[in-house]
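Structural overview for review
Residue-level listing of the chains:
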Amino acid sequence: MPRAFITGITGQDGAYLAEFLLDKGYQVWGLARRSSSGGLHLDRLEWLGVLDRINLVEGDLGDLSSLMRIIADVDPDEVYNLAAQSFVATSWQQPHLTANVTGVGVLNVLEALRLLKSEARFYQASSSEMFGLIQHEKQSETTPFYPRSPYAVAKLYGHWITVNYRESFGMHASSGILFNHESPLRGQEFVTRKVTDGVARIKLGLAKELRLGNIEAKRDWGHARDYVRAMWMMLQQETADDYVVATGQTWTVKHMVDIAFKHAGLSVEDHLVIDQALFRPAEVDILLGDPAKAERQLGWTPTITLEEMICEMVDADVARLTQKHR
Ligand code: NDP
Ligand code: GDP
């Protein structure tokens with residue numbers, strides 16, 4: 001049985017990746033960090049029904065010795081580094097933490113592997129936010145980067161240190177430059193989930209309005225379920241490489257909001273409030289990925305449309321809230 005170790009297993013992608021790898025016959029280990037309330041964030045793993053099929057190990061991306069102990073114990077064949085302070089807006093509030101976890105944390109995992117299991121295959125969760133102020137209309141693996149937030153700057157370090165460890169030490173280290181991907185398990189601070197949760201609340205009479213910032217921003221949104229498959233495909237290649245993973249379509253936040261309200265049978269005009277406080281110090285106005293290399297070399301294509309995904313998310317939030325307020 002191949003053995004996989006996932007950092008960030010309690011997050012959106014970690015949960016879907018764990019489910020995907022279990023279905024492929026992997027033994028799955030995941031990094032979980034302690035909180036003072038004693039509770040780990042296990043709700044996503046529970047929601048997918050995979051919690052009792054995985055092994056959790058305690059540690060932190062900022063703590064090299066915990067990573068070394070875990071790599072020595074688990075002896076993984078594949079390592080997926082998904083842990084990060086992943087929310088762009090928070091990165092202006094906590095820039096040092098973001099640099100340490102989202103940036104230097106990648107180095108910690110790579111160092112632990114280099115010293116203890118350099119033949120293991122490594123995946124780094126890089127981000128389309130690295131393109132920021134876009135230099136090409138469609139962003140591919142050869143588009144120059146121009147990060148626009150402390151988060152994106154930290155991700156850029158993680159991306160280049162991954163490339164560097166591949167080139168310096170011959171490690172099988174791949175970087176997936178993933179465009180935004182969402183699901184019913186997306187954190188509620190991100191705009192899609194904020195919208196689907198907000199729409200569900202309005203639908204159930206639990207809220208009257210939904211407050212958003214810049215609804216003219218455009219994103220290339222896919223589904224997390226499709227994107228974790230691409231991560232695994234990268235590590236099955238003979239040679240490690242970098243890949244853009246995207247749908248090749250871009251839509252405004254406003255368009256995504258329209259889909260959610262329409263699905264719930266509600267009027268956008270009656271409930272949407274634009275709040276200047278939610279605009280960002282520097283914005284990424286548009287992202288549009290070119291997934292041609294992933295399609296050609298990995299045979300990967302997305303299967304779930306934006307509309308299908310947003311409807312699934314609204315339905316899941318209505319079901320969750322109905323159960324909670326029963
Ligand atoms: P989430 O925010 O849902 O999950 C982040 C995970 O990182 C959680 O498991 C969290 O643990 C963990 N984590 C945070 N800080 C630490 C730390 N110091 N030590 C150990 N674990 C930590 O992110 P996603 O699942 O959406 O994204 C996965 C990765 O992909 C992230 O690196 C993200 O930046 C990147 N990415 C995501 C995109 C997207 O659209 N979703 C697009 C491109 C890249 P806890 O549960 O305890 O908080
Ligand atoms: P990001 O692309 O990783 O920053 O993902 P987000 O989902 O956080 O944001 C996507 C876009 O939606 C950005 O351009 C935000 O400025 C925009 N947006 C508009 N209103 C909101 C809001 O209320 N919350 C969030 N998170 N984003 C918003």
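Quick caveat, the model's predicted, so the values are computed rather than measured.

Observations regarding the packing of helix α7 (residues 191-203) against helix α12 (residues 306-324)
- Packing of α7 against α12 brings their axes to within 8 Å, and their N-to-C directions diverge by 50 degrees. It follows from the interaxial angle that α7 and α12 lie oblique. For the element pair α7 and α12, the recorded crossing hand is right-handed. Residue-level contacts link T192, R193, T196, D197, V199, A200 and R201 of α7 to I310, M313, V314, D317, V318, R320 and L321 of α12.
- A breakdown of the residues in the contact of α7 with α12 according to their chemical character gives 7 nonpolar, 2 polar and 5 charged.

A word on the packing of α7 against helix α9 (residues 253-264)
- Contact pair α7 / α9: the axes reach a minimum separation of 10 Å and the direction vectors enclose 30 degrees. Viewed along their axes, α7 and α9 adopt a mutual orientation that is roughly parallel. The two elements α7 and α9 cross, and the hand of that crossing is right-handed. From α7, V191, T192, V195, V199, I202 and K203 reach across to α9, where they touch V253, M256, V257, A260, F261 and A264.
- In the contact of α7 with α9, the residues fall into 10 nonpolar, 1 polar and 1 charged.

A few points about the site of ligand 2
- Taken together, the neighbourhood of ligand 2 is formed by 17 residues, with E129, K194, R219, R280 and E283 sitting nearest.
- Side-chain polar atom of N180 to an oxygen atom of ligand 2: 3.0 Å apart, as the coordinates give it.
- The contact in question runs from an oxygen atom of ligand 2 to an N or O atom on the side chain of K194, over 2.8 Å.
- When ligand 2 is considered free in solution it has 530 Å² of accessible area, and contact with the protein chains removes 96% of it.
- Broken down by class, the residue content of the shell around ligand 2 amounts to 8 nonpolar, 3 polar and 6 charged.
- If you count residues domain by domain, the shell around ligand 2 takes at least three from each of domain 1 (3-181 + 222-245) and domain 2 (187-219 + 250-283 + 304-324).

Brief notes about helix α5 (residues 95-116)
- Over its 22 residues, α5 extends 30 Å from the first C-alpha to the last, a length consistent with the 32 Å expected when each residue adds 1.5 Å.
- Residue V104 marks the point of greatest curvature in α5, where the axis turns by about 40 degrees.
- Turning to α5, its buried residues are T98, V101, T102, G103, G105, V106, N108, V109, L110, E111, A112 and L113.
- Those residues of α5 hidden inside the fold are in contact with α3 (64-74), β4 (78-81), α4 (88-93), β5 (121-127) and α6 (150-169).

Quick notes on the site of ligand 1
- As a structural note, the neighbourhood of ligand 1 is formed by 25 residues, with T10, D13, R33, S86 and Y151 the closest of them.
- At 2.8 Å, a side-chain N or O of R33 approaches an oxygen atom of ligand 1.
- Between H181 and ligand 1, the recorded distance is 2.8 Å, taken from a backbone N or O atom to an oxygen atom.
- With the chains in place, 91% of the 910 Å² that ligand 1 exposes on its own is no longer accessible.
- Contributing elements (two or more residues each) for the shell around ligand 1: α1 (12-23), β5 and α6.
- The element contributing the most residues to the shell around ligand 1 is β5, with 3 residues.

Some details on the domain arrangement of the chain
- Domain annotation of the chain identifies domain 1 (3-181 + 222-245) and domain 2 (187-219 + 250-283 + 304-324).
- Between the C-alpha centres of domain 1 and domain 2 the distance comes to 27 Å.
- Counting from both sides, the interface comprises 14 residues of domain 1 and, opposite them, 13 residues of domain 2.
- Across the interface of domain 1 and domain 2, roughly 1,300 Å² is buried in total on both sides, 57% from carbon and sulfur atoms.

Re the pairing of strand β11 (residues 242-245)
- The two faces of β11 match: D242 and V244 on one face and Y243 and V245 on the other face are all buried.
- Examined bridge by bridge, strand β6 (residues 173-178) and β11 share 4 bridges and lie parallel to one another. The partner of L178 across the bridge, within β11, is V245.

Criteria and cut-off values
Residues numbered from 1 in each chain as written. Chains lettered and ligands numbered in written order. Predicted model: local features only at pLDDT ≥ 70, side-chain atom pairs only at ≥ 80, totals over all residues. Heavy atoms only, no water. Axes fitted to C-alpha atoms, helices over the stretch in contact; angles between N-to-C directions. Helix = DSSP H or I, 4+ residues; strand = E, 2+ residues; numbered from the N terminus. Parallel < 35°, antiparallel > 145°, perpendicular 65-115°, else oblique. Left-handed = near helix turned anticlockwise from the far one by under 90°. Contact = heavy atoms within 4.5 Å. Nonpolar A, V, L, I, M, F, W, Y, C, P; charged D, E, K, R; others polar. Near = heavy atom within 4 Å. Polar contact = N/O pair within 3.5 Å; in protein donor to acceptor, adjacent residues only side chain to side chain. Areas by Shrake-Rupley, 256 points an atom, 1.4 Å probe, with all protein chains shown as cover. Domains from an automatic or database assignment. Expected span 1.5 Å × (residues − 1). Bend = angle between axes of the 7 residues up to and from the residue. Buried < 20%, exposed > 50% of the residue type's maximum accessible area, 1.4 Å probe, protein only. Buried area = accessible area lost by both parts, 1.4 Å probe. Pairing = 2+ DSSP bridges.

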